[in-house]
Amino acid sequence: MNREEEIVARSLSYRKQYVEDTPGWYRGELHLGFTLAFTIGVVWYCAAQLQNTTWQEWLFVVIPMFLFGNWAEWAGHRYLLHSPKSWIKPAYKRHVATHHQFFSHKTLDYNGHKEWRALLFPPFAPVLFVLAALPAALLIGNLWSANAGYIAMLTMASYFLMYEGLHTLSHLEHPILDRLPLVNTVRRMHVLHHNPDFMHTRNFNLTFPICDALFGTSDLDKGVLGTLFNGMSDEARKAEDKAKLVAQQNERASTVAEAEPASTVPAAQARA
Ligand SMILES: [Zn+2]
Ligand SMILES: [Zn+2]
Ligand SMILES: [Zn+2]
């Protein structure tokens with residue numbers, strides 16, 4: 001068994017255990033349904049409050065929030081979910097021990113609604129994210145205009161929806177997804193992120209890899225635009241990363257890991 005086969009074997013046995021440990025009452029459809037109903041509900045409610053918006057209200061709220069969101073997603077994923085020094089230890093453990101054990105780069109897809117528990121953020125997450133934007137939205141609403149405040153809330157809920165959507169598209173297998181511009185870029189980057197030998201160092205953006213390209217955590221040797229429209233090609237991958245992948249296939253599995261069954265960490269709720 002080489003290192004790569006070992007990773008796959010671990011993921012498969014962890015999956016089996018995780019699905020067995022999923023409570024009988026869990027319904028993936030309800031989990032997804034709640035996430036969609038809540039976020040779309042917020043967008044719909046805020047949109048209904050808007051009156052005679054100006055282009056400035058849209059532009060100067062949506063663009064900064066989109067860029068800040070890209071940074072927050074990159075930084076949160078890198079420093080909170082992949083660093084042992086994280087100040088949210090349970091989230092770090094859940095991400096590395098559940099989401100990343102469950103989905104390896106070779107076992108990225110899912111079968112059946114019970115596996116959605118390892119894929120989607122727990123149901124309280126969309127509520128928390130939207131509430132987190134509330135103080136800023138109230139401030140903007142008071143200092144500028146009610147419209148701008150509602151646009152801020154609407155943008156936050158849309159961002160969460162975009163994040164869950166793109167992350168789910170990264171975990172689905174369908175040939176057309178590899179041909180959709182931007183979506184294929186996100187998919188390719190996320191596959192490498194799920195390789196255990198790269199997860200702590202590469203491809204932390206879960207939506208568009210803007211911050212990965214800016215801060216050198218992308219596996220590609222390209223600028224922001226080149227990275228965004230890279231698609232499925234591995235050609236521009238950094239030499240050190242290419243070498244590491246070759247080594248992974250030649251390296252023998254560690255004997256410790258072979259003797260031990262996959263992680264015995266209790267299958268807590270997973271998050272992306
Ligand atoms: Zn991760
Ligand atoms: Zn993932
Ligand atoms: Zn993930």
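Here we summarise the structure given alongside this text. (Residues numbered from 1 in each chain as written. Chains lettered and ligands numbered in written order. Predicted model: local features only at pLDDT ≥ 70, side-chain atom pairs only at ≥ 80, totals over all residues. Heavy atoms only, no water.)

## What to know about the overall build of the protein chain
The criterion, for reference: Segments assigned H or I by DSSP are reported as helices when at least four residues long, segments assigned E as strands when at least two residues long, and all are numbered from the N terminus. When charges are tallied, Lys and Arg are placed among the positive residues and Asp and Glu among the negative ones, while His and the ends of the chain are skipped. Every charge is mapped to an atom, namely NZ of Lys, CZ of Arg, CG of Asp or CD of Glu.
When helices and strands are tallied, the protein chain shows eleven helices and zero strands. Secondary structure elements in the protein chain, listed N-terminal to C-terminal, are α-α-α-α-α-α-α-α-α-α-α. Considered along the principal axes of its C-alpha atoms, the protein chain spans approximately 65 × 45 × 40 Å. For the protein chain, the distance from the average site of its 24 positive side-chain charges to the average site of its 24 negative ones is 4 Å.

## Details of the coordination of the zinc ion (ligand 1)
The criterion, for reference: The rule for donors is simple: N, O or S, within 2.8 Å of the metal, or within 3.2 Å if the metal is Na, K or Ca. Water isn't counted, so a site may look like it is missing partners. Here's how the labels work: a residue is buried when its accessible area is under 20% of the maximum for its type, exposed when over 50%, partly exposed in between, all with a 1.4 Å probe on protein chains only.
Listed as protein donors to the zinc ion (ligand 1) are His 77 (NE2), His 82 (NE2), His 95 (NE2), His 100 (NE2) and His 193 (NE2); their distances from the metal cover 2.0 to 2.2 Å. In primary sequence terms, the donor set of the zinc ion (ligand 1) follows H-x4-H-x12-H-x4-H-x92-H. In this structure, the zinc ion (ligand 1) lies 4.3 Å away from the zinc ion (ligand 3). On the accessibility criterion, His 95 (1% relative accessible area) is buried. Look at His 100 and you get buried, because its relative accessible area is 5%.

## With respect to unusual backbone geometry
Residue Leu 182 is not a glycine yet carries a positive backbone phi of 70°. Position of Leu 182 among the secondary structure elements: in the loop between α6 (146–170) and α7 (183–193). Residue classification places Leu 182 among the partly exposed residues on the basis of a relative accessible area of 27%. Here the phi dihedral of Asn 203 falls at roughly 55°; this positive angle occurs in a residue that is not glycine. Turning to its location among the elements, Asn 203 is positioned in the loop between α7 and α8 (210–214). Judged by relative accessible area, which is 0%, Asn 203 ranks as buried.

## Side note on empty space enclosed by the protein
Defined as follows: Think of a 1 Å grid over just the protein atoms. A cavity is a set of points where a 1.4 Å probe fits yet cannot get out, a pocket is an open set with protein on both sides within 12 Å along at least five of seven lines, and lining residues have an atom within 4 Å of a point. Grid points are joined across faces, edges and corners, and a volume is the space filled by probe spheres set on the points. Ten residue types, Ala, Val, Leu, Ile, Met, Phe, Trp, Tyr, Cys and Pro, are classed as nonpolar, four, Asp, Glu, Lys and Arg, as charged, and the remainder, Gly among them, as polar.
Counted under the stated rule, the structure contains one cavity of 30 Å³ or more. When its volume is computed, the largest cavity comes out at roughly 30 Å³. Together, Val 186, Met 189, His 190, Asn 205, Thr 207, Pro 209 and Asp 212 line the largest cavity. For the lining of the largest cavity, the leading source of residues is α7, giving three residues. Partitioned by chemical class, the residues of the lining of the largest cavity number three nonpolar, three polar and one charged.

## Observations concerning the environment of Phe 204
As a reminder of what qualifies: Residue contacts are counted whenever heavy atoms from the two residues lie within 4.5 Å of one another.
Here Phe 204 lies in the loop between α7 and α8. The buried category is assigned to Phe 204, whose relative accessible area is 0%. Once the C-alpha coordinates of Phe 204 and His 77 are considered, the two residues, 127 residues apart in sequence, prove to be 5.9 Å apart. What Phe 204 contacts, discounting residues up to four positions off in sequence, is Glu 73, Trp 74, His 77, Arg 78, His 82, His 193, Met 199, Asp 212 and Thr 217.

## Section: the layout of surface pockets
Roughly 980 Å³ of internal volume is contained in the largest pocket. Taken together, 34 residues make up the lining of the largest pocket; nearest its centre are Gly 69, Ala 72, Glu 73, Phe 129 and Met 156. Counting residues per element, the ones that place at least two in the lining of the largest pocket are α3 (55–80), α5 (124–143) and α6. Ranked by residues supplied to the lining of the largest pocket, first place goes to α3 with eleven residues. When the residues that make up the lining of the largest pocket are grouped by side-chain class, the tally is 28 nonpolar, four polar and two charged. What lines the second largest pocket is Glu 4, His 105, Lys 106, Arg 188, Val 191, Leu 192, Asn 195, Asp 234, Arg 237, Leu 245, Val 246 and Gln 249.

## A few points about a nonpolar patch on the surface
Worth spelling out the cut-off: The patch calculation keeps residues exceeding 30% relative accessible area without a salt bridge and links them within 9 Å when they carry like charges or within 5 Å when they are nonpolar (Val, Leu, Ile, Met, Phe, Trp, Tyr). Areas reported here follow the Shrake-Rupley algorithm with a probe of radius 1.4 Å; residue values treat only the protein chains shown as occluding. Note on definitions: salt bridges are taken to be side-chain nitrogens of Lys or Arg within 4 Å of carboxyl oxygens of Asp or Glu.
On the surface, Trp 55, Leu 59, Phe 60, Ile 63, Leu 67, Leu 139, Leu 143 and Trp 144 cluster together into a nonpolar patch covering about 900 Å² of accessible area. Top element by residues in the nonpolar patch is α3. It accounts for five residues. With respect to the element layout, Trp 144 can be found in the loop between α5 and α6.

## Focus on the packing of helix α2 (residues 28–49) against α6
The condition that has to hold: With axes taken as lines fitted to C-alpha atoms, and helix axes fitted only over the stretch in contact, angles between N-to-C directions fall between 0 and 180 degrees. By the definition adopted for this analysis, an angle is roughly parallel if under 35 degrees, roughly antiparallel if over 145, roughly perpendicular if from 65 to 115, and oblique otherwise. Crossings are sorted by hand: turned counterclockwise from the far helix by less than a right angle, the near helix makes the crossing left-handed, and turned clockwise it makes it right-handed.
Between α2 and α6, the least distance of the axes is 9 Å, while the angle of their chain directions is 155°. On the basis of the axis angle, α2 is roughly antiparallel to α6. For the pair α2 and α6, the crossing hand works out as left-handed. Only Asn 147, Tyr 150, Met 153, Leu 154, Ala 157, Ser 158, Phe 160, Leu 161 and Glu 164 of α6 make contact with α2, whose side of the interface consists of Thr 35, Leu 36, Thr 39, Ile 40, Val 42, Val 43, Tyr 45, Cys 46, Ala 47 and Gln 49. Taken together, the residues of the contact of α2 with α6 break down into 13 nonpolar, five polar and one charged.

By themselves, these are just geometric observations and shouldn't be taken as functional.
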